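The lines below spell out each chain.
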Amino acid sequence: MTRTVFCRKYQQEMEGLDAAPYPGPRGKDIFEHVSKQAWQEWLKHQTMMINEKRLNVMDPATQTFLQQEFDKFLTGDDYEKPEGYVPPSA
C-alpha cells in the first residue's frame with residue numbers, strides 16, 4: 001500500500017517518500033510533510049541551481065542558501081531560479 005502525506009507544497013494528500021531523505025528532525029519533517037513528487041521536483045531544481053550557479057555544496061554558506069531556497073520552494077514563496085530560466089510548459 002502506498003504511503004500518503006499531506007504535502008506542504010501542494011496542500012493535498014499525495015504519495016509520500018519511501019524513507020526520510022536525511023537523518024534527524026529535518027529528514028523526519030520532510031518524510032512526514034513533503035510528497036514524493038515535490039521532493040523529486042526540488043532535487044531537479046536544486047541540481048540545476050548547483051550547476052548553473054556553480055555552487056560548492058561543501059561550503060556552509062551554500063548549504064544555508066539551498067536550505068532557505070528549499071523552504072521557499074515548499075511554501076510557494078519566490079525562490080531563486082537561474083538567470084533566463086523558463087519553467088517547462090504543461
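Quick look at the structure, then. (Residues numbered from 1 in each chain as written. Predicted model: local features only at pLDDT ≥ 70, side-chain atom pairs only at ≥ 80, totals over all residues. Heavy atoms only, no water.)

1. Remarks on the packing of aromatic side chains
Any aromatic ring pair is given by two values, namely how distant the centres are and how the planes are angled relative to each other.
Now for step 1: Counting across every chain of the model gives five aromatic pairs.
Now for step 2: Consider the rings of Tyr-22 and Trp-39, whose centres lie 5.9 Å apart with planes at 85 degrees: the pair is edge-to-face. Of this pair, Tyr-22 sits in the loop between strand S2 (13-15) and helix H1 (24-33) while Trp-39 sits in helix H2 (residues 36-52), and the two are 17 residues apart along the sequence.
Now for step 3: Residue Trp-39 is classed as buried on the basis of its relative accessible area, which comes to 8%.
Now for step 4: On the numbers, 5.2 Å between centres and 75 degrees between planes, the contact of Phe-73 with Tyr-79 is edge-to-face. (Phe/Tyr/Trp six-rings, centres within 6.5 Å; stacked < 30°, edge-to-face > 60°. Helix = DSSP H or I, 4+ residues; strand = E, 2+ residues; numbered from the N terminus. Buried < 20%, exposed > 50% of the residue type's maximum accessible area, 1.4 Å probe, protein only.)

2. A few points about the nonpolar core
Now for step 1: Counting residues in hydrophobic clusters, the biggest one holds 12 residues: Cys-7, Met-14, Leu-17, Ile-30, Val-34, Ala-38, Trp-39, Trp-42, Phe-70, Phe-73, Leu-74 and Tyr-79.
Now for step 2: Mapped onto this core, the elements with two or more residues apiece are H2 and helix H3 (60-75). (Core = buried A, V, L, I, M, F, W, Y, C linked by side-chain atoms within 4.5 Å.)

3. A closer look at H3
Now for step 1: Taking 1.5 Å per residue as the helical rise, H3 with its 16 residues ought to reach 22 Å, and the 23 Å between its terminal C-alpha atoms agrees with that figure.
Now for step 2: Contacts from the buried residues of H3 go to H1 and H2.
Now for step 3: Its side-chain oxygen 3.1 Å from the backbone nitrogen of Ala-61, Asp-59 forms the N-cap of H3.
Now for step 4: Positive backbone phi, at 85 degrees, marks Gly-76, one or two positions downstream of H3. (Expected span 1.5 Å × (residues − 1). Contact = heavy atoms within 4.5 Å. Polar contact = N/O pair within 3.5 Å; in protein donor to acceptor, adjacent residues only side chain to side chain.)

4. Some remarks on the packing of H2 against H3
Now for step 1: At their nearest, the axes of H2 and H3 sit 11 Å apart, and the two run at 140 degrees to each other. Here H2 is positioned oblique relative to H3, judged by the angle of their axes. Viewed along their axes, H2 and H3 form a crossing whose handedness is right-handed. Across the interface between the two elements, Ala-38, Trp-39, Glu-41, Trp-42, Gln-46, Met-49 and Ile-50 of H2 pack against Phe-65, Leu-66, Glu-69, Phe-70 and Phe-73 of H3.
Now for step 2: When grouped by side-chain class, the residues that make up the contact of H2 with H3 number nine nonpolar, one polar and two charged. (Axes fitted to C-alpha atoms, helices over the stretch in contact; angles between N-to-C directions. Parallel < 35°, antiparallel > 145°, perpendicular 65-115°, else oblique. Left-handed = near helix turned anticlockwise from the far one by under 90°. Nonpolar A, V, L, I, M, F, W, Y, C, P; charged D, E, K, R; others polar.)

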